[in-house]
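# Topology and contacts: notes
Take a look at the letters that make up each chain.
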Amino acid sequence: KAKVGGNTNASDEIKELFDNNKVFDYPKPTSLLKNLIDRIVVDGDTVLDFFSGSGSTADAVMQLTAEGNCSNLNYIMIQIPEKIYEMINGAEAPLQKKAAVAAFKMGYRTVDQIGIDRIIRAAEKIRKAYPETAADLGFRHYILREPSADTLDKIEKFDPDSFTVADNHFLQEFGLPAVLTTWLVWDGYGLTSSCKEVDLAGYTAFWKDKHLYLITSDFKQEAVLALVDKYMTDGDFGPENVVLFGYSFTWTEREELRENLAYLSS
């Protein structure tokens, strides 16, 4: 029978990672999680934990990958920013739990912050234990935030032909990384894909395989000419789709870009 550990083992893991501080109550032992995960996953699977807490599941997945049990195993951790403090007389004070006090003293204020740092610390430990591993021990952090009612209303009523000036409200609301990631997911590249930045006469575009994304405004004529030139002179550059963030482009800019791209295909 496999030894899967218990609460004491899990607490010891936390303390080892956090400079002998127990910053989380009742963590799950990675030995147990590894045993369970290893029984059901196949290479290429994604392990999802809706209540990730201190990030034990992510730690277990990284260990399995580094150990060679699965060469391509991924994880998605979900955790609400649950506070470990309360406001007393206008000042932050830790909740009256030993783990919360220890975490508060180390600078953490929410459970997800502990989990994020645990993944970082665990990855460093794994790299030292398996210096030859080619496993990807990095991660990306996404925050769910509900857009304002005004933004949702504008999206529903979007009319590209009515734009005479660019509207940067949406990029300010969502941020460029959120827009780019949304498109990457929509186009099948996933949440962890990376893009190449393409300099078009000072304008930054984003290129991933068959797609070139134009998101920000100020796409001047020089950028159009630079894009056409790159298509004609760079043999390695050949995205099949040029995707525009509609709110950043006026009708005139879109038409100029369309005419020049049509020239390339003629």
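Below you will find a few notes about this structure. (Residues numbered from 1 in each chain as written. Predicted model: local features only at pLDDT ≥ 70, side-chain atom pairs only at ≥ 80, totals over all residues. Heavy atoms only, no water.)

## Section: the pairing of strand S6 (residues 203-208)
Counting buried positions along S6 gives 5 out of 6 residues, so the element sits mostly inside the fold. Across 5 bridges, the pairing between strand S5 (residues 196-200) and S6 is antiparallel. By the bridge assignment, Glu197 is partnered in S6 with Phe206. Where S5 folds back onto S6 in an antiparallel hairpin, the turn is made up of 2 residues, including Ala201, whose phi is positive at roughly 55 degrees. Of the pairings in the sheet, the one linking S6 to strand S7 (residues 211-214) comprises 3 bridges and is antiparallel in character. (Buried < 20%, exposed > 50% of the residue type's maximum accessible area, 1.4 Å probe, protein only. Helix = DSSP H or I, 4+ residues; strand = E, 2+ residues; numbered from the N terminus. Pairing = 2+ DSSP bridges.)

## Concerning the side chain of Lys34
You can see Lys34 is positioned in helix H2 (residues 30-40). Looking at Lys34, its side chain comes within polar contact range of the side chain of Gln63, at 3.1 Å. Look past the residues within four positions of Lys34 in its chain and what remains in contact with it is Ala60, Gln63, Leu64 and Glu67. (Polar contact = N/O pair within 3.5 Å; in protein donor to acceptor, adjacent residues only side chain to side chain. Contact = heavy atoms within 4.5 Å.)

## Quick look at the sheet that holds S7
Paired through backbone hydrogen bonds, the strands of a sheet run either parallel or antiparallel to each other. Strand order in the open sheet made by the 4 strands is S5-S6-S7-S8, with mixed pairing throughout. Of all strands in the sheet, those with a lone pairing partner are S5 and strand S8 (241-244), marking the two edges. With strand direction ignored, the average angle separating the axes of adjacent strands in the sheet is 30 degrees. Sheet strands touched by helix H8 (residues 176-186): S6, S7 and S8. Its angle to S7, the strand with the most contacts, is close to 155 degrees. (Axes fitted to C-alpha atoms, helices over the stretch in contact; angles between N-to-C directions.)

## Quick notes on the nonpolar core
A general trend in soluble globular proteins is that nonpolar side chains are found buried together. One finds Phe18, Val23, Ile37, Met62 and Leu73 to be the most contacted residues of the largest nonpolar core, which totals 31 residues. Once residues within four sequence positions are removed from consideration, Ile37 is found in contact with Val47, Thr57, Ala60, Val61, Leu64 and Leu73. Formed by 14 residues, the second largest nonpolar core is a distinct cluster that contains Ala205, Ala223, Phe237 and Leu257. (Core = buried A, V, L, I, M, F, W, Y, C linked by side-chain atoms within 4.5 Å.)

## Overview of unusual backbone geometry
A positive phi angle is found at Asp19, which is not glycine, with a value near 55 degrees. Relative to the assigned elements, Asp19 resides in the loop between helix H1 (7-17) and H2. The exposure class assigned to Asp19 is exposed, which follows from its relative accessible area of 55%. Positive phi outside glycine occurs at Asp218, with the angle close to 65 degrees. You can see Asp218 is positioned in the loop between S7 and helix H9 (221-233). A relative accessible area of 52% means that Asp218 is categorised as exposed.

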